[in-house]
Amino acid sequence: MAYTLDLSAKPAASAKVNITGLTRDGLIAALKESGVVEERKAKMRAQQIWRWVHHYGFTDFDKMTDIGKDQRGPLAEKFTLARPEVVERQVSKDGTRKWLIRMAPGIEVETVYIPDVGRSGALCVSSQVGCTLNCSFCHTGTQRLVRNLTAAEIVAQVQVARDDLGEWPSPKEDRRLSNIVFMGMGEPLYNLDNVADAIDIISDNEGIAISRRRITVSTSGVVPELDTLGKRTAAMLAISLHATHDELRDVLVPVNKKYPLKDLMAAIRAYPDLSNARRVTFEYVMLKGVNDSPAEARALINLIKGIPAKINLIPFNPWPGTDYQCSDWRTIEAFAAILNKAGYASPIRTPRGRDILAACGQLKSESEKVRASALRKAQVEGLAQVEDETPHNETDAIETELPYGHLASGM
Ligand code: SAH
Ligand code: SF4
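Everything numeric here is computed off the predicted structure, so don't read it as measured data.

Novice: Would you mind going over the UniProt feature "binding site: [4Fe-4S] cluster" (unreviewed entry) in the protein chain with me for this structure?
Specialist: Here, UniProt's "binding site: [4Fe-4S] cluster" (unreviewed entry) annotation points to C131, C135 and C138. Relative to the elements of secondary structure, C131 occurs in the loop between strand 7 (128-129) and strand 8 (147-148). For C131, the contacting residues outside a window of four places in its chain are T140, Q143, R144, L145, G186 and E187. Residue placement: C138 occurs in the loop between strand 7 and strand 8.

Novice: What exactly am I supposed to notice about the pairing of strand 11 (residues 236-240) here?
Specialist: Along any regular strand the residues' side chains alternate between the sheet's two faces. Burial runs high along strand 11: five of the five residues are buried. Of the strand pairs in this sheet, strand 10 (residues 215-219) and strand 11 are connected by four bridges, and their pairing is parallel. Within strand 11, the residue paired with T216 across the bridge is M236. Pairing geometry for strand 11 and strand 12 (residues 280-286), over three bridges, is parallel.

Novice: It is not clear to me how the nonpolar core should be interpreted in this structure. Could you clarify?
Specialist: A general tendency of soluble globular proteins is for nonpolar side chains to be buried together. Of all hydrophobic cores here, the largest spans 103 residues; its most connected members are F137, I180, F282 and I304. Among all residues touching F282, those that are not within four sequence positions of it are I239, L241, M265, I268, I304, I307, A309, K310, I311 and N312. Grouped together as the second largest cluster of nonpolar side chains are six residues, I114, V181, M183 and A238 included.

Novice: Even after reading the chapter, I still don't get the site of ligand 2, so can you show me in this structure?
Specialist: The immediate surroundings of ligand 2 are formed by C131, L133, C135, C138, G141, G186 and S220. Its residues assigned to classes, the shell around ligand 2 comprises four nonpolar, three polar and no charged.

So, how was this worked out
- Residues numbered from 1 in each chain as written.
- Chains lettered and ligands numbered in written order.
- Predicted model: local features only at pLDDT ≥ 70, side-chain atom pairs only at ≥ 80, totals over all residues.
- Heavy atoms only, no water.
- UniProt positions renumbered as here; feature names shortened; annotations may be inferred.
- Helix = DSSP H or I, 4+ residues; strand = E, 2+ residues; numbered from the N terminus.
- Contact = heavy atoms within 4.5 Å.
- Buried < 20%, exposed > 50% of the residue type's maximum accessible area, 1.4 Å probe, protein only.
- Pairing = 2+ DSSP bridges.
- Core = buried A, V, L, I, M, F, W, Y, C linked by side-chain atoms within 4.5 Å.
- Near = heavy atom within 4 Å.
- Nonpolar A, V, L, I, M, F, W, Y, C, P; charged D, E, K, R; others polar.

Structural data, given as structure tokens:
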């Protein structure tokens, strides 16, 4: 069976350009290029379309009343506003919502909305399908990368959530969706161009208007990209630290072998505009007997000394086949107490939406199992060409079960 990794930033070429993923400048350029809009009117048209798409959430050119009827048809021929398909939707007793979204055949991602996080509620979005890094405690890490998500596919996750929460036109006050965290599947800094474009779109004040201060990008520590992330996006930074010395971090977060703690900490200290109002979040997964001793809590304080920071302790969320266990609650509390005493806010992520998130990733694996069993059936029946014709993205996906385990622990 031939496996090819598709690392391209774009999905299979579609005849129509998806407006959802275009920045303002990109939209103006695309309108000019399309020939539908006169060059001198492109900026104004872009402004109008932008409002309809990103403020009102429209998916239909025909509703754009300030655009002449004669232009709406040609626009719809060249461009699309279509949402991806929501394959599954689950709502937890505590209000947590989870959507399984099919971006393209074999390209499925989960997006989770968690109420009462951040100002009023946070959306956890994915930046890749799978991940090339293999952190030893992370289930996504067992899934090979299928591909980067496009900017349109990242923004679409926010649109789907807004559709479901009934938040169009974009409310300025009393929002349910107030924060975005890039803590879903994938390493955002390995897809930085698309992540940065998506942040430009999501934060635009005449659209979805979620401020950059409320958008957090979580990274395992891709040191050479940190500066670009800060300068290009002005997003809040979260670092998946998980260990205080290289020997352990090399095992837990293997990208550490390439970018060891010394380099990582230097890059964090240089992250633009850090202050008490713009603090780095250090994520620290609590693994029983591995990284949860009081000595490690003290080492953590030493390591981050001088950095405006908060520490997010994440109870480990186990998945089938893992050797790790979650630290005992008392151990986590003792660890948190040491950090608190040193002046760090160190909230323990309380598990949210357990009733649906306990099955986090299972929906996806179910659909993958169906594809896998169809493939096996075809093989048994000697239809080998089915295997050959299976798009490699799907073939890759078949390998996977239960990705995305980390979200089950909530935010
Ligand atoms: N790739 C990025 C962002 C996605 S992971 C990163 O690593 O930062 C979001 C967070 O969940 C990271 O801190 C990650 O280390 C953590 N995580 C992954 N698997 C987990 C698990 N099984 N239990 C608890 N947290 C986990
Ligand atoms: Fe990838 Fe983040 Fe999981 Fe590591 S923790 S494997 S970087 S998704």
